[in-house]
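# Report on the structure
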Amino acid sequence: MRIGVDVGGTHTDAALLDGETLRASTKQLTSDDIASGVLAAVRTVLDAAGVAPAQISMIVLGTTQMTNAVVERQRLEAVGALRIGAQSSRALPVAAQWPADLRAHCVADSVMVDGGHEYDGSARIATDEGTLAEAVDAFLGRGVEAFAVTGVFATANPAAELAAAAVIRARAPQARIALSHQLGRIGLYQRENATLLNASLLRHAERVFSAFEAAFAELKLRCPLFISQNDGTVMTARFARQFPVLTFSSGPTNSMRGAAFLSGVADAMVVDVGGTTSDIGMLQQGFPRPSGSAVSVGGVLTNFRMPDVLALGIGGGSLVADDGSVGPLSVGRELPSRALCFGGEQRTATDVAVATGRISLGDRIPILAEGLSDRVATEIRRRFEHTIDKLKTEARELPLIVVGGGGFLVPDVLDGVSEVLRPEHADVANAIGAAFAQVSGEAEVAFAHRVRSRDEARAEAQAQAEARAIEAGAVPDSLKLVDVDETPMAYLAEPGSILATKVIGDVDVDRLGVHRDAR
Amino acid sequence: MLIASGCTAMHVDASDVQALALGGAFLATGGGGDTLIGEITTGVALEQFGPVALIDVQTLADDALVLAVGGAGSPTIMQEKPSAGDEPRAALETLERYLGRPADALIAFEAGGMNALLPLALAAERKLPVVDADGMGRAFPELQMESFSIYGIQATPLAMATELDNRVLIEHASSPEVAEQLVRQFAVAAGGGHCVSAEHPMSGAEVKRVAVLGTLSLCRHIGAALLKHGPRIDTFVASLEALLAPTHYGEVRLLFRGKVVDLSRRVEGGYDLGLLQIAAFGAAETVEIRIKNEYLTAHCDGQPLALTPDLICILDNETGRPITAETIRYGQRVTVLGIGAPALMRTPRALTVVAPRNFGFDFDYVPIEELPRPSERR
């Protein structure tokens with residue numbers, strides 16, 4: 001049995017699943033300290049299902065704490081930034097274009113040394129380990145204990161970064177170190193940014209995820225703890241302690257994954273209707289389609305790809321004007337006090353649904369002007385259809401899975417939609433999505449076409465991605481290749497490409513329950 | 001000696017770099033690479049060395065020495081190896097030593113992409129003015145496609161420099177095509193995929209004859225308009241029409257809006273070859289864009305909408321920003337714009353070098369103004 005927990009800004013949701021059966025779920029207000037609310041939610045579903053903690057084989061937790069630390073500039077550690085490859089990159093300063101306050105919190109200072117690699121993994125000059133060691137000593141002398149190491153073309157060859165890590169470890173075994181080749185793809189600036197943020201979060205992540213593990217142990221939950229990632233997969237808590245930046249933006253992903261699980265449909269659109277907005281995304285093979293655009297976290301451009309979600313200003317609390325227009329203003333969380341059906345003074349989209357008998361809610365039936373409900377229905381339908389059309393990449397009709405508390409606002413018939421699916425338990429789809437997440441691994445290989453074939457390069461990238469997924473907790477036999485992305489290196493005399501691959505597989509609960517020292 | 005009396009120059013400082021980079025990305029027609037790195041490094045140089053004078057070509061003395069500078073190689077590799085920062089100066093000074101004379105002004109050989117910015121960073125360091133002009137009015141992949149070469153200016157003597165202080169001077173090349181090959185080979189052999197070249201030594205009089213004028217200030221204005229309008233592409237297009245109306249560029253057309261539904265590509269002979277299909281929202285109509293580093297041709301149902309050297313620019317509907325051919329992805333929602341090329345790039349002489357057949361396509365150039373307007377799109 002599994003427990004999924006999703007910590008959101010307003011609610012902490014938990015779901016307990018036995019195989020594919022939902023045994024219990026709960027929605028609670030998020031506590032200020034996060035952990036006590038999570039524990040309360042977990043205890044609630046255990047009690048409600050009458051399940052002993054020993055029967056739980058895994059817990060998956062989705063949390064915004066790492067994102068919030070960056071956004072709020074809290075609990076960050078100033079790190080020593082080391083760049084290897086000064087001879088190829090000196091013109092680009094470390095942490096360029098960062099918000100000044102975030103840079104002050106994250107970066108103690110930066111040092112660039114010569115070295116690093118070429119796109120094919122070769123090295124033109126040896127890494128200047130003497131200067132590197134001096135820099136490390138100077139940082140340690142200032143009390144800096146966390147390091148972000150970024151090597152030019154470390155994605156093609158991690159050797160220079162690994163050597164730098166060894167230099168640091170030899171001097172300070174306790175140092176916290178983030179290496180860029182473990183954090184993404186080609187693009188020195190964005191990858192270095194992610195590495196700096198990651199290094200800066202390591203101490204906080206250690207505390208947060210250890211605290212969860214300790215708290216769950218107190219509940220006699222001895223199963224492995226997993227943490228949700230931005231791409232809809234999970235990592236072990238141990239992995240999350242090393243890669244806290246990978247938890248960014250896991251919320252929308254979990255609700256889309258939950259929709260896929262609840263409906264049993266892997267290729268569909270998903271709409272999550274909340275109090276103020278509806279988020280509409282696309283599921284492909286059960287995973288959210290990633291956005292093509294770069295993503296900024298706390299004002300810093302990173303290389304993470306987030307789910308491609310379109311927000312529409314229609315939710316259960318959206319205000320309805322006399323002409324039938326809906327939103328974007330909303331009573332939001334105050335629906336139970338301010339909506340007409342609860343005796344309040346505001347006419348909301350929920351009131352229109354109550355007046356037309358679509359749902360029954362509150363203690364009175366709102367009286368609406370003649371024809372208003374028809375105008376509202378037309379307006380809502382038109383706007384959903386417009387957004388759905390923008391989201392779709394092909395003319396063919398697709399199913400639409402409706403989740404979230406305001407799902408009743410979505411019409412049963414929509415242009416471009418083959419059928420509207422309203423699975424049971426859709427209100428806790430995010431916690432269910434967390435519980436059923438799988439494990440992924442990514443890797444990229446740069447290659448010159450003269451030296452190696454595309455198939456060889458792809459096989460190597462896939463093997464590396466699989467090794468990472470297994471390290472992150474995947475069952476080796478379950479791994480599937482879900483993405484191959486080729487970036488051509490144009491304008492070269494000798495043509496080359498960069499091949500990025502991603503694999504996904506099931507969580508290896510047995511192995512992780514015993515052996516938790518993957519890295 | 002350099003600047004005729006009584007004329008004042010515009011200045012470019014660090015606060016202009018974002019707009020210049022965006023405008024450069026727009027005029028790059030999908031090529032030229034992501035301008036973010038160039039934006040950061042040029043901003044750093046202008047902050048360190050101070051603003052640069054951007055001078056009207058008419059203020060150049062006829063005997064002024066003008067040198068063209070820019071980067072050559074793979075923009076993808078520059079994402080990882082942004083440059084040490086010394087290469088532009090090394091290339092320029094190598095050429096100056098050979099010529100026995102310092103440059104009076106610099107000029108961009110390409111106003112599209114990162115190469116719109118590189119001359120400014122170097123000019124700031126050397127306290128030189130930059131001529132408000134370039135050699136393409138857009139981006140093209142090869143040296144012989146510069147208007148300087150097209151109108152008879154020798155690319156050589158040409159100096160190149162890479163990281164780790166590799167320097168080469170080409171005293172003479174038998175053709176622009178040979179010079180192009182030498183630059184590309186050097187970029188790979190000595191720079192791991194990238195080098196900076198200083199080339200096409202010209203007099204002020206020659207620049208007036210062979211350069212595409214006003215393009216750097218145009219970059220800045222287009223970038224400012226992109227920043228101002230964001231995802232409101234319709235109002236951006238109206239601004240763009242107003243900006244281009246008094247220039248030597250041709251007509252602006254909004255060709256298509258849709259989603260990228262297919263992208264097949266391969267790299268061959270140093271080209272990023274691609275076929276991009278963009279489908280109208282909720283309709284069966286599809287536009288095909290052929291890519292060779294840049295977006296070169298746009299067709300709908302076999303009928304041309306715009307053809308090289310006319311510009312094909314693709315904007316992301318979510319952000320209103322230009323999308324490069326290297327980063328365009330399946331599923332992106334985009335708007336395709338077509339712009340008539342600058343007059344200098346559509347002459348019979350230019351069309352012997354930059355027409356569709358020069359890129360291996362089996363059809364002739366027809367100016368965008370003579371093509372049927374796309375039907376009313378959604």
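Residues numbered from 1 in each chain as written. Chains lettered and ligands numbered in written order. Predicted model: local features only at pLDDT ≥ 70, side-chain atom pairs only at ≥ 80, totals over all residues.

### With respect to the overall build of chain B
Counting secondary structure elements, chain B contains 11 helices and 17 strands. Rg of the C-alpha trace for chain B: 19 Å, near the compact-globule value of 21 Å for 378 residues, within the 12% margin. The 378 residues of chain B split such that 60% are buried. Excluding contacts between residues fewer than 6 apart, the proportion of contacts in chain B whose partners are at least 24 apart in sequence is 75%. (Helix = DSSP H or I, 4+ residues; strand = E, 2+ residues; numbered from the N terminus. Rg over C-alpha atoms; globule rule 2.2 N^0.38 Å. Buried ≥ 20, exposed ≤ 12 C-beta atoms within 10 Å, placed from the backbone. Contact = placed C-beta atoms within 7 Å.)

### Description of the pairing of strand β12 (residues 278-284) of chain A
Residue and element names in this part refer to chain A. Of all 7 residues that make up β12, 6 are buried, and the element is covered over most of its length. Here 6 bridges tie strand β11 (residues 268-273) to β12, and the two strands are oriented antiparallel to one another. Of the residues in β12, the one forming a bridge with Val270 is Gly281. The turn linking β11 back onto β12 is made up of 4 residues. By the bridge criterion, 4 bridges tie β12 to strand β16 (residues 309-312) in an arrangement that is antiparallel. In the strand pairing of β16, Asp279 is matched with Ala311. Adjacent in sequence and paired antiparallel, β12 and strand β13 (residues 287-288) are bridged by 2 residues, among which Gln285 carries a positive phi angle near 50°. (Pairing = 2+ DSSP bridges.)

### As for the sheet that holds strand β22 (residues 480-489) of chain A
Residues and elements named next belong to chain A. The strand order β3-β2-β1-β4-β9-β10-β21-β23-β22 describes an open sheet built from 9 strands, whose pairing is mixed. Pairing within the sheet leaves two strands with one partner each, and these edge strands are β3 (21-29) and β22. In this sheet, neighbouring strand axes are inclined to one another by 30° on average, regardless of whether the strands run parallel or antiparallel. Strands in contact with helix α7 (residues 188-218) are β4 (58-62) and β9 (225-228); relative to β9, the strand with the most contacts, it is inclined by about 140°. Helix α14 (residues 454-471) rests against β21 (438-448), β22 and β23 (496-505) of the sheet, and its axis sits at about 150° to β21. (Axes fitted to C-alpha atoms, helices over the stretch in contact; angles between N-to-C directions.)

### As for the environment of Asp16(B)
By secondary structure assignment, the location of Asp16(B) is in the loop between β1 (10-12) and α1 (17-27). Separated by 27 residues in sequence, Asp16(B) and Gly43(B) have C-alpha atoms that sit 8.5 Å apart.

### Some words on the nonpolar core
One finds Val5(A), Ile59(A), Ala105(B) and Ile107(B) to be the most contacted residues of the largest nonpolar core, which totals 292 residues. Those residues in contact with Ile107(B) that sit more than four places away from it in its chain are Val66(B), Ala68(B), Pro119(B), Val130(B), Val131(B), Ala133(B), Asp134(B), Val207(B) and Ala211(B). (Core = buried A, V, L, I, M, F, W, Y, C linked by C-beta atoms within 7 Å.)

### Looking at the confidence of the model for chain A
Put simply, chain A has an average pLDDT of 88, and 95% of its residues get 70 or more. Note that residues 514-519 of chain A has pLDDT below 50 and, in this model, 8 contacts with residues that lie over four places away or in other chains. (pLDDT = per-residue confidence, 0-100.)

### Thoughts on the packing of α1(B) against helix α2 (residues 36-49) of chain B
Residues and elements named next belong to chain B. Here α1 crosses α2 at 145°, and the two axes come no closer than 9 Å. Of the two elements, α1 crosses α2, and the hand of that crossing is right-handed. Contacts between α1 and α2 involve Val17, Gln18 and Ala21 on the former and, on the latter, Gly38, Glu39, Thr42, Gly43 and Leu46. Grouping the constituent residues of the contact of α1 with α2 by class yields 3 nonpolar, 4 polar and 1 charged. (Left-handed = near helix turned anticlockwise from the far one by under 90°. Nonpolar A, V, L, I, M, F, W, Y, C, P; charged D, E, K, R; others polar.)

### Considering the interface of chain B and chain A
Contacts between the two partners involve 48 residues from chain B and, on the opposite side, 42 residues from chain A. Here the residues of the side of chain B that touches chain A sort into 18 nonpolar, 17 polar and 13 charged.

### Digging into helix α10 (residues 233-244) of chain B
Residue and element names in this part refer to chain B. With 12 residues, α10 extends 16 Å between its outermost C-alpha atoms, agreeing within 8% with the 16 Å of an ideal straight helix rising 1.5 Å per residue. For α10, the complete set of buried residues consists of Ile233, Phe236 and Leu240. Here the buried residues of α10 occupy an arc of 50° about the axis, which is enough to place them on one side. Facing away from the buried surface of α10 by more than 90 degrees, the exposed residues are Asp234 and Ala242. (Expected span 1.5 Å × (residues − 1). Arc of directions from axis to C-beta.)

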